[in-house]
Amino acid sequence: MSIKVVLFDFDGTLADTLPLSFIAFKTVFKQYDNRDVTNDELIAMFGPTAEYIIGENFKDKVLVQQAIEDYYSLYEKGHFDDFQNDQGIVGLLHFLKEKGIKIGVITGKSKRAFQISSEALHLLSFFDITITGDDVDKAKPDPEGINKALNILGIDKSDALFVGDSNADILAGKAAGVRTYGVRWLSTYQSLVYDVSPDGIFDSVTEFRELLEKESVIHGN
């Protein structure tokens, strides 16, 4: 079994952006919907785009559009408040590029939110394909995004890996029939337990890279 593409979730997997989302969501929920929401409540809402989350969960629909704009403003600003990339992840992306392995992102983030993060963190150039929440009809745990990426790339599921931090990620990867790994290597991730067992769980980028290096040697990638 070769590895031709590694598909990643984004928030909590490639970028430590979940704390930024939590702060921005909590602020707009409090300001515009007079509601205090916890991290766990927000995680339960995660999957689709910020627009959908706010639109579906606000009681006062009149204020939804302004809340969305403020969310994006707060989220973008957070990237410039002493925010730094995880250098282990940057090194992993360089390693994949050097091995000729394609890199994809399957995220529930909107194109707008993904653009903010990927540009601010200088990650965009690594990705061969990105499927955002705006590109699918069904968010994870549905495998639509993964299947769409593989179809566009022309890569068989047997040659793909999917990596994510949430229960929805693991469900989506397994439903797509690809090898699927759970990760807990950033400061904040979404799930400690999964409804189905992933093919492995990694607490550090180094452990995952060792797996890739072993398989790259075996298969001569």
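Before any of the text, the structure's been laid out above.
Rules used throughout
- Residues numbered from 1 in each chain as written.
- Predicted model: local features only at pLDDT ≥ 70, side-chain atom pairs only at ≥ 80, totals over all residues.
- Heavy atoms only, no water.
- Pairing = 2+ DSSP bridges.
- Helix = DSSP H or I, 4+ residues; strand = E, 2+ residues; numbered from the N terminus.
- Axes fitted to C-alpha atoms, helices over the stretch in contact; angles between N-to-C directions.
- Contact = heavy atoms within 4.5 Å.
- Buried < 20%, exposed > 50% of the residue type's maximum accessible area, 1.4 Å probe, protein only.
- Expected span 1.5 Å × (residues − 1).
- Arc of directions from axis to C-beta.
- 1 Å grid on protein atoms, 1.4 Å probe; cavity = no way out; pocket = protein on both sides within 12 Å on 5 of 7 lines; lining within 4 Å.
- Points joined across faces, edges and corners; volume = space filled by probe spheres on them.
- Nonpolar A, V, L, I, M, F, W, Y, C, P; charged D, E, K, R; others polar.

Novice: So, the sheet that holds strand S4 (residues 160–164): which residues are in play, and what are the values?
Specialist: Strand order in the open sheet formed by six strands is S3-S2-S1-S4-S5-S6, with parallel pairing between adjacent strands. The sheet is open, and its two edges are formed by strand S3 (129–131) and strand S6 (200–202), each paired on a single side. Going across the sheet, the axis of each strand differs from the next one's by a mean of 25°, ignoring polarity. Bridge count for strand S1 (residues 5–8) against S4 is four bridges, and the pairing is parallel. Looking across to S4, one finds that Val5 is bridged to Ala160. Packing against the sheet, helix H7 (residues 144–153) makes contact with S1, strand S2 (102–106), S3 and S4, and its axis sits at approximately 150° to S3. Relative to strand S5 (residues 179–183), helix H8 (residues 167–176) is tilted by about 170°, and along the sheet it contacts S4 and S5.

Novice: So what's going on with the pairing of S1? Which residues, and what values?
Specialist: By the alternation rule, side chains of S1 split into Val5 and Leu7 and Val6 and Phe8, which are all buried. Note that S1 and S2 share four bridges and pair parallel. Residue Val6 lies in a different strand from S2, and its bridge partner there is Ile103.

Novice: I'd like to hear about helix H4 (residues 64–78), residue by residue, with values.
Specialist: The end-to-end C-alpha separation of H4 is 21 Å, in line with the 21 Å expected for 15 residues at 1.5 Å each. Turning to H4, its buried residues number three or more, namely Val64, Ala67, Ile68, Tyr71, Tyr72, Tyr75 and Gly78. Buried residues along H4 cover an arc of 135° about the axis, so they all sit on one side. Of the surrounding secondary structure, the elements contacted by the buried residues of H4 are helix H1 (18–33), helix H3 (50–57) and helix H6 (111–120).

Novice: Could you give me a rundown of the layout of surface pockets, with the residues and numbers involved?
Specialist: Space inside the largest pocket adds up to approximately 370 Å³. Lining the largest pocket are 27 residues, with Asp11, Phe46, Gly47, Pro48 and Gln190 positioned closest to its centre. Mapped by element, the contributors of at least two residues to the lining of the largest pocket are H1, helix H2 (39–45), H3, H4 and H8. Of the residues assigned to the lining of the largest pocket, the class counts are 12 nonpolar, 10 polar and five charged. Empty space within the second largest pocket amounts to approximately 190 Å³. In terms of lining residues, the second largest pocket is bounded by 18 residues, among which Pro48, Gly133, Val136, Lys138 and Ala139 are the most central. Classifying every residue of the lining of the second largest pocket by side-chain character gives six nonpolar, seven polar and five charged.

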